[in-house]
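Tertiary structure, described
Chain by chain, the residues:
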Amino acid sequence: MTVATATESTVKKPDVALIGAPSDIGAGHRGGSMGPEALRVAGLMQALQRMGCSVEDRGNLHGPVNPDLPPVDGYRHLPEVIAWCAAVRDGVHGILKDGKMPILLGGDHCLAIGSLAGLAHYCVERGEEYSVLWLDAHADYNTADVSPSGNIHGMPLAVAAGHGPDGLTGLGPSKPFLNPKRVVQVGIRSVDAIEKKLVVASGMEVHDMRRIDENGMRQTMNEALDRLAALGGHVHVSFDVDFLDPSIAPGVGTTVPGGPTYREAQLCMEMIHDSGLMKSLDLMELNPAYDVKNATANLTVELVESLFGQQILSRHDAAL
């Protein structure tokens, strides 16, 4: 089975609201707090407008500063992470309630706990399920018991699935507030040793880089999107910039060699758009402190254009 493809004539461009979360509170490297502004400087709002979207920028959320301290009981900066994720939860939930598509500008990936919690509240209110397409080099299913660093940006999916402290697992409408069997991961190539067992036991569908190498991005994305289409409900895309190969995207703090190439990444985004499934989006882990002349931010904006329908040629028009 191959997920149905929407043509440009049948896809209504969404009303979009941008919201920034300028924090690197959950990461091991400083600098991700500058990510939202780098995306704005790269012209994200203007790119979305060119794609036909109505765009509102709601500015940045506010939270505690990064104290840059070692872990306590297995977690770094837990009180500060809770505060930031609560702010993200409320911001994302408010955008969804207003009938707009939220695009969260990170910031490190721990903030996805808040994004998923806000989405979970919204879907419970509507009596709807939600699923997640997780584009990342890392599985992000660590717990404090097995995390070598205590950095919570390596734990967001595990937390949403109910593994973590009450202050984080309680941000959603229930515990857990994410069913891991409704998560599809693509691009994974760095998983901690014990984390591998947790990922397998969770029931998540994982398309790692070996699968992409063997089957190609097209077949991999067909399988991933077919799975999400079969699950139904709201589909959230969480895009960690380290999904990309560092040769094209150096501006992240946790680069892992062997990621998707430029064309593989473009095809991935184009196919997500063609499926018509995406209803909300995270853009995470952009770190300008490691970037070169904002190149990674510029590439991220290009990929977002593809997510919203940019094509070399319009297939609909070419078929006429």
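Structure: above.
Residues numbered from 1 in each chain as written. Predicted model: local features only at pLDDT ≥ 70, side-chain atom pairs only at ≥ 80, totals over all residues. Heavy atoms only, no water.

Let us look at the pairing of strand β6 (residues 205–208). As paired strands, strand β5 (residues 183–188) and β6 are joined by 4 bridges and run parallel to one another. Following the sheet pairing, Gln 185 is matched in β6 by Val 206. Read from β5 through helix α7 (residues 193–202) to β6, the crossover connection turns out right-handed. (Pairing = 2+ DSSP bridges. Helix = DSSP H or I, 4+ residues; strand = E, 2+ residues; numbered from the N terminus. Right-handed = clockwise from strand over helix to strand, strands pointing away.)

As a further point, take the pattern of salt bridges. This model, assessed by the stated rule, comprises 15 salt bridges. Salt-bridge contacts for Asp 68 lead to Arg 76; the nearest nitrogen and oxygen are separated by 3.2 Å. The residue Glu 270 makes a salt bridge to Arg 263 at a minimum N-O spacing of 3.5 Å. (Salt bridge = Lys/Arg side-chain N within 4 Å of Asp/Glu carboxyl O.)

The subject of this paragraph is the packing of aromatic side chains. The tally for this structure, following the rule as stated, stands at 1 aromatic pair. Between Phe 239 and Phe 243 the ring centres are 6.0 Å apart and the planes differ by 80 degrees, which places this aromatic pair in the edge-to-face class. Like Phe 239, the residue Phe 243 is buried in the burial classification. (Phe/Tyr/Trp six-rings, centres within 6.5 Å; stacked < 30°, edge-to-face > 60°. Buried < 20%, exposed > 50% of the residue type's maximum accessible area, 1.4 Å probe, protein only.)

This next bit is on the packing of helix α8 (residues 209–231) against helix α9 (residues 262–275). When two helices pack together, their arrangement is captured by the angle between the axes and the distance separating the axes. Two elements in contact, α8 and α9, have axes whose closest approach is 9 Å; the angle formed by their N-to-C orientations is 20 degrees. Here α8 lies roughly parallel to α9, going by the angle between them. Every pair of crossing elements has a handedness; the one defined by α8 and α9 is right-handed. Seen from α8, the contacting residues are Ile 212, Met 217, Arg 218, Met 221, Asn 222 and Leu 225; seen from α9, they are Glu 264, Leu 267, Cys 268, Met 271, Ile 272 and Ser 275. (Axes fitted to C-alpha atoms, helices over the stretch in contact; angles between N-to-C directions. Parallel < 35°, antiparallel > 145°, perpendicular 65-115°, else oblique. Left-handed = near helix turned anticlockwise from the far one by under 90°. Contact = heavy atoms within 4.5 Å.)

Looking only at α7, the buried set comprises Glu 195, Val 199 and Ser 202. Down the axis of α7, the buried side of the element spans an arc of 65 degrees, and every buried residue falls inside it. Along α7, the residues that are exposed and aim more than 90 degrees away from the buried face are Ala 193, Lys 196, Lys 197, Val 200 and Ala 201. On the buried face of α7, the contacting elements are β6. Note on α7: the residue one or two positions beyond its end, Gly 203, has a positive phi of about 90 degrees. (Arc of directions from axis to C-beta.)

With 23 residues, α8 extends just 23 Å between its outermost C-alpha atoms, more than 12% less than the 33 Å of an ideal straight helix rising 1.5 Å per residue. Taken as a whole, α8 carries its principal kink of about 115 degrees at Gly 216. Every buried residue of α8 is listed here: Met 209, Ile 212, Met 217, Thr 220, Met 221, Asn 222, Ala 224, Leu 225, Asp 226 and Leu 228. Buried residues in α8 make contact with β4 (130–135), β5, β6, β7 (234–240) and α9. Directly beyond the C-terminal end of α8, a positive phi value near 75 degrees is found at Gly 232. (Expected span 1.5 Å × (residues − 1). Bend = angle between axes of the 7 residues up to and from the residue.)

So, about unusual backbone geometry. In this structure, Gly 107 follows Gly 106 across a cis peptide bond, with omega equal to 10 degrees. When you line up the elements, Gly 107 lands in the loop between β3 (101–106) and α4 (112–126). Along the chain, Lys 175 connects to Pro 176 via a cis peptide bond; the corresponding omega equals -5 degrees. Inspection of the secondary structure assignment puts Pro 176 in the loop between α6 (166–169) and β5. One non-glycine residue with positive phi stands out, namely His 77, at about 60 degrees. Summarising the element assignment, His 77 is placed in the loop between β2 (54–60) and α3 (78–97). Given the relative accessible area of 5%, His 77 is considered buried. For Asp 140, which is not a glycine, the phi torsion comes out positive at approximately 55 degrees. Using a relative accessible area of 5% as the deciding quantity, one classes Asp 140 as buried.

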